[in-house]
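Listed here are the chains, written in short residue letters.
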Amino acid sequence: MMRKELLERARRAKTKKAALGEDIAIENFVTGGEHEPLNSLNEIPDEYKQNLLDSGIEPSEKDRSGSFLQRDCSVVFSTVKYPGLELMSTTEAFKKHDWLKDYLWKAIPVDMDKYTADVELDQTHGYFIRSEAGKKVTMPVQSCLFITSDKIGQKVHNIVIAEENSELHIITGCSVSHAVNSALHLGVSEFYVKRGAKITFTMIHNWSPGMEVRPRSAVIIEDDGVFISNYILMTPLKSLQMYPTAYCVGKNARVTFQSIVYAPGDTKIDFGSRAVLQGEGSKAEIISRAIATDSAKIVARSDVIGEGANAKGHIECRGLMLSDSAEVDSIPELKAKLKDLDLSHEAAVGKIAEEEIQYLMARGLSEEEATSVIIRGFLNVDITGLPEALARETKKMFDMSLEKVM
Amino acid sequence: MLEIKDLTVEVEGKEIINDLTLNIERGEVHVLFGPNGCGKTTLLMTILGLPNYKVRKGRITFKGVNIIDLPTNERVKLGMGMSFQHPPEIRGVKLGDMVNIAQGRKEEKIDEDVIELAKRLNISDDFLNRDVNRGFSGGEVKRSEILQLLAQSPDFIMFDEPDSGVDVENIELIGRILSELLDRNKMPSKRKKAGLIITHSGSIMRYIKADRAHVMLEGRIACSGMPNEITKNVMENGFEKCVELCSEKEGTE
């Protein structure tokens, strides 16, 4: 599709409300100016360092194969330390690679809703990450989308490509400075996992109560490709709606979505994961843990659609209610379009069992400590598929986020 | 060590324990027999201070401290511990985590000592990494409970049916370790620990020498005596008959 046609379709979808989530007036948010570029991530002002750390980003760039930082609407840092890995702003990448247009809006329709349309019409960068064929970049790449100005509308378009038989591990942190009362983050992310390739994508959302967030993500997985997503959200925000979709188009393509959501305050979250199993023998696993406390409202969706022979999908969603004024809506869906399929789901929403607290108290914990241990256990999803060091680190990030809220 | 006087306990508005009196001295192990529903477990839970067990009357003193108003964890800090018969499963909390909690440690790593203890109970590293009580067999539950108690090392230990749902081999192992936990391998004057064991079948008694046995009926201690005698009577004649025999004996004395 030509750019002109994309723009035209985007224009027509400019007022098209999203299927889910409350409607946001995009025009209330502004595009910010340029920020000073950095020579190293460590140069970021001290007041912002903790924001980065809290979203899993390492300002020292230690143990990272590359780092990317976009502050508001301005890309202030981007560097790559490993051969075979490309990392730059999407804007830059389009100038460099003529072929990249073949990946633009191929996983997500540009006119899906007003948010995708707006990202096309009023894009402010985003990141492009690519691993070359056969290159296994086991050290993670980190990318941070950071908001530091009030009323900003950050509208990024990210494109990630793992070429054939390559491996890519991404930590992406979305964070916001305490000075921001209200802001909008629109993030389109298109992932392409080629034959035999693997992407792990660990995303930590570290938002604040004034944030409205509408990510739009999709993944296309070819033969024997693997995509593993780990999503962690532990901080309050105004509203978030996302429903990333993985299309397992290739034979034996595999996807895992793991989401851990802790919603305090007046947070409104409508999140889910969808897998479309088109390839023969393709597999999906969707695991989510959602905790609602205070007056938070969570809708936890999951959907597996089986279209390919011998496809296998499993959904496991658990919700935990910590307050009578909170709400958890768990909606698992399975659609089978063939007979040779194996799709299953288990969903449960409950409260902390009194006898579990008593049991822990009988081992010497106070009621508060016992509650905290149970919550920690509830959220404890064994992260599989990550290289050992990254798994350890992800666990650390998770513990840190939890430490902050408990 | 533990003094219970005229204790009356209600659970969900129903009186389960009625004017019960029991003393356990330091160094002593007592055994509690009784039919289902007579209030044995309620007594243990009340001593431990779980919230659903409401004390309507009476006194419980532990190491000279009136513990009636103390929450469970404070009682545990004073040195009591409990092996549950039906412990709840807790998702995402591993047996190893429970052991660290029982030891009062914050770290995630499991102490070498614990691994040693676990080995003696035939508990593997894999087992330490399983969610506590999730899918555990009867014998596994008992061993896991005892491992946690070993880590906690309380002075006064309550066991709720350590021998139910366990095969012979495991009963022997559990009995041996319990004996050790309760200082039974030491000379009487050297024994510092005390224990209260609930048993339905009495099979654990072959491996632990107790000092005193009681039969509980309808919320009271109906009869007390030498463990051998009581065990034999209960096994041969059943609870009611045993109590009858006890009373007759009292009458002739």
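It should be emphasised that the depicted structure is a prediction, and the values quoted were computed from it without experimental measurement. (Residues numbered from 1 in each chain as written. Chains lettered and ligands numbered in written order. Predicted model: local features only at pLDDT ≥ 70, side-chain atom pairs only at ≥ 80, totals over all residues.)

**A closer look at the overall build of chain B**
Counting its regular elements, chain B contains 8 helices and 10 strands. Expected size for 253 residues packed as a compact globule is a radius of gyration near 18 Å; at 18 Å, chain B falls within 12% of this value. If you line up chain B on its principal axes, its C-alpha atoms span 60 × 40 × 35 Å. Relative to its 253 residues, chain B shows a buried fraction of 47%. Within chain B, contacts between residues separated by at least 24 positions form 69% of all contacts whose residues are at least 6 apart in sequence. (Helix = DSSP H or I, 4+ residues; strand = E, 2+ residues; numbered from the N terminus. Rg over C-alpha atoms; globule rule 2.2 N^0.38 Å. Buried ≥ 20, exposed ≤ 12 C-beta atoms within 10 Å, placed from the backbone. Contact = placed C-beta atoms within 7 Å.)

**Focus: the interface of chain A and chain B**
Counting residues at the interface gives 18 residues for chain A, matched by 21 residues for chain B. A total of 6 residues in the side of chain A that touches chain B trace back to one element, the largest contributor, which is helix 5 (residues 354-361) of chain A. Broken down by class, the residue content of the side of chain A that touches chain B amounts to 10 nonpolar, 5 polar and 3 charged. (Nonpolar A, V, L, I, M, F, W, Y, C, P; charged D, E, K, R; others polar.)

**Here's the deal with the confidence of the model for chain B**
Per-residue confidence for chain B gives a mean pLDDT of 88; residues scoring 70 or more make up 97%. Of the two predicted TM-score estimates for the complex, the pTM is 0.87 and the ipTM is 0.91. (pLDDT = per-residue confidence, 0-100.)

**Focus: the sheet that holds strand 1 (residues 2-11) of chain B**
All names here are of chain B. The 4 strands lie next to each other as 2-1-4-5, forming an open sheet whose pairing is antiparallel. Each edge of the sheet is formed by a strand with only one pairing partner; in this case those strands are strand 2 (14-24) and strand 5 (65-66). Alignment of strand 1 against strand 2, held across 7 bridges, turns out to be antiparallel. Paired with Ile4 across the two strands is Leu22, which belongs to strand 2. (Pairing = 2+ DSSP bridges.)

**Remarks on the sheet that holds strand 11 (residues 226-233) of chain A**
Residues and elements named next belong to chain A. Across the sheet, 10 strands lie side by side as 2-1-5-7-9-11-14-16-18-20; this open sheet has mixed pairing. Two strands lie at the open edges of the sheet, namely strand 2 (74-80) and strand 20 (341-350), each paired on one side alone. Going across the sheet, the axis of each strand differs from the next one's by a mean of 5°, ignoring polarity. Relative to strand 20, strand 18 (residues 311-321) is paired through 10 bridges, and the arrangement is parallel. Looking at the pairing, Ile315 lines up with His345 of strand 20. In the packing of helix 2 (residues 46-54) onto the sheet, the strands contacted are strand 5 (136-147), strand 7 (167-176) and strand 9 (198-206), and the crossing angle to strand 7 comes to about 135°. (Axes fitted to C-alpha atoms, helices over the stretch in contact; angles between N-to-C directions.)

**As for the nonpolar core**
Residue and element names in this part refer to chain A. Counting residues in hydrophobic clusters, the biggest one holds 193 residues, and the most contacted among them are Val193, Ile199, Val219, Ile221, Phe227 and Cys248. Per-element tally for this core: the top contributor is strand 8 (residues 183-193), with 7 residues. Of the domains in this structure, domain 1 (3-353) and domain 2 (354-406) are the two that each give at least three residues to this core. Sequence-distant contacts of Ile221, that is, excluding residues within four places in its chain, are made with Val193, Phe227, Ala246, Tyr247, Cys248, Val249, Gly250, Ala253 and Val255. (Core = buried A, V, L, I, M, F, W, Y, C linked by C-beta atoms within 7 Å. Domains from an automatic or database assignment.)

**Details of the packing of helix 1 (residues 3-12) of chain A against helix 4 (residues 114-121) of chain A**
Residue and element names in this part refer to chain A. At their nearest, the axes of helix 1 and helix 4 sit 8 Å apart, and the two run at 135° to each other. One way to sum up the angle between helix 1 and helix 4 is to call them oblique. The two elements helix 1 and helix 4 meet at a crossing, and its hand is left-handed. Between helix 1, through Leu6, Leu7, Ala10 and Arg11, and helix 4, the contact on the second element is made entirely by Ala117, Glu120 and Leu121. (Parallel < 35°, antiparallel > 145°, perpendicular 65-115°, else oblique. Left-handed = near helix turned anticlockwise from the far one by under 90°.)

**Here we look at helix 4 of chain A**
Residue and element names in this part refer to chain A. Most of helix 4 sits out of view: 7 of its 8 residues are buried. Looking only at helix 4, the buried set comprises Lys114, Tyr115, Thr116, Ala117, Asp118, Val119 and Glu120. Packed against the buried residues of helix 4 are helix 1, strand 6 (153-162), strand 8 and strand 10 (211-221).

**What to know about the pairing of strand 6 of chain A**
Residue and element names in this part refer to chain A. With 10 of 10 residues buried, strand 6 is to be regarded as a mostly interior element. The alternating pattern of strand 6 places Gly153, Lys155, His157, Ile159 and Ile161 on one face and Gln154, Val156, Asn158, Val160 and Ala162 on the opposite face, and all of these are buried. Looking at chain direction, strand 6 and strand 8 are connected through 10 bridges and run parallel. Looking at the pairing, Asn158 lines up with Ser189 of strand 8.

**Let's talk about unusual backbone geometry**
Phi is positive for Asn310(A), which is not a glycine, with a value near 60°. Mapped onto the elements, Asn310(A) comes out in the loop between strand 17 (297-306) and strand 18. Phi at Asn133(B) takes a positive value of approximately 65°, unusual for a residue other than glycine. Within the secondary structure, Asn133(B) sits in the loop between helix 5 (125-128) and helix 6 (138-152).

**A closer look at the pairing of strand 12 (residues 239-242) of chain A**
Pairing analysis gives 2 bridges linking strand 10 of chain A to strand 12 of chain A, with the strands arranged parallel. Along strand 12 of chain A, the bridge assignment pairs Val213(A) with Leu240(A).

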